[in-house]
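Spelled out from the first residue to the last, the chains are:
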Amino acid sequence: YRAVVNNAPVIFFEIDHKGIIRLVEGKGLVSFHLKKGELLGKSVHNLLEGKPEYQKEVQKLFHGESLNLLLELGKNTYNTFFSPVISDSGAVESII
């Protein structure tokens, strides 16, 4: 697992039910000029401020929908996949 995370050009993350980033790692962080852990504890809602089209999609995730999204950041486009983690009670615990 660690070899894949450290060498594949991807970013793995987890966002809790409040929208706080709890895990973010992977070689793909280099594309964003980010260091491992730099986004930990930050709100995804704040990071997407001014981007209503993405905020709307994130809300779908918190309602239990999986999402495949082309995310345009600057001159680059990223193919992203988000999936909610659902608790036994049916609530969204986190997004991965």
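Provided above is the structure to which this section pertains.
The following paragraphs examine the structure supplied in this document. For every chain, the first residue of the written sequence is number 1, and numbering continues from 1 onward in sequence order. Residues qualify for local features only when their pLDDT is at least 70, as the model is predicted, and side-chain atom pairs are given and counted only at 80 or more; totals for whole chains, interfaces and linings, by contrast, use all residues. In computing side-chain values, all of the structure's heavy atoms are included and hydrogens and water are not.

1. Observations concerning the nonpolar core
Item 1. Among the buried residues, those of types Ala, Val, Leu, Ile, Met, Phe, Trp, Tyr and Cys that are joined through side-chain atoms within 4.5 Å form a nonpolar core. Burial classification: accessible surface area is computed with a 1.4 Å probe over protein chains only, and a residue below 20% of its type maximum counts as buried, one above 50% as exposed, and the rest as partly exposed. Judged by nonpolar contacts, the single largest core of 17 residues is most densely connected at I15, F62, L69, F82 and I95.
Item 2. Helix numbering and strand numbering both begin at the N terminus, where a helix is a DSSP run of H or I of at least 4 residues and a strand a DSSP run of E of at least 2. Contributions of two or more residues to this core are made by β2 (21-25), α3 (52-62), β3 (67-73) and β6 (92-95).
Item 3. Examining the composition of this core, we find that 4 residues originate from one element, α3, more than from any other.

2. Some words on the packing of aromatic side chains
Item 1. Working definition: a ring pair exists when centres of Phe, Tyr or Trp rings (six-membered ring for Trp) sit within 6.5 Å. Plane angles under 30 degrees give stacked, over 60 give edge-to-face, the rest tilted. Evaluation of the coordinates by the stated rule reveals 2 aromatic pairs.
Item 2. When the ring of F32 is compared with that of Y78, the centres are 4.8 Å apart and the planes differ by 35°; the resulting orientation is tilted. Of the two residues, F32 is situated in the loop between β2 and α2 (44-47) and Y78 in strand β4 (residues 76-82); the sequence distance between them amounts to 46 residues.
Item 3. Relative accessible area serves as the criterion here: at 28%, F32 is assigned to the partly exposed category.

3. Remarks on α3
Item 1. Taken residue by residue, α3 has Y54, E57, V58, L61 and F62 as its buried positions. Looking straight down α3, one finds its buried side chains confined to an arc of 150°; they lie on one side. Residues P52 and K56 are exposed on α3 and point more than 90 degrees away from its buried face.
Item 2. Throughout, a residue-residue contact means that at least one pair of heavy atoms, one from each residue, lies within 4.5 Å. In this fold, the buried residues of α3 make contact with β1 (12-16), α2, β3, β4, β5 (84-86) and β6. Comment: arc refers to directions from the helix axis out to C-beta atoms.

Purely geometric numbers; function is a separate question.
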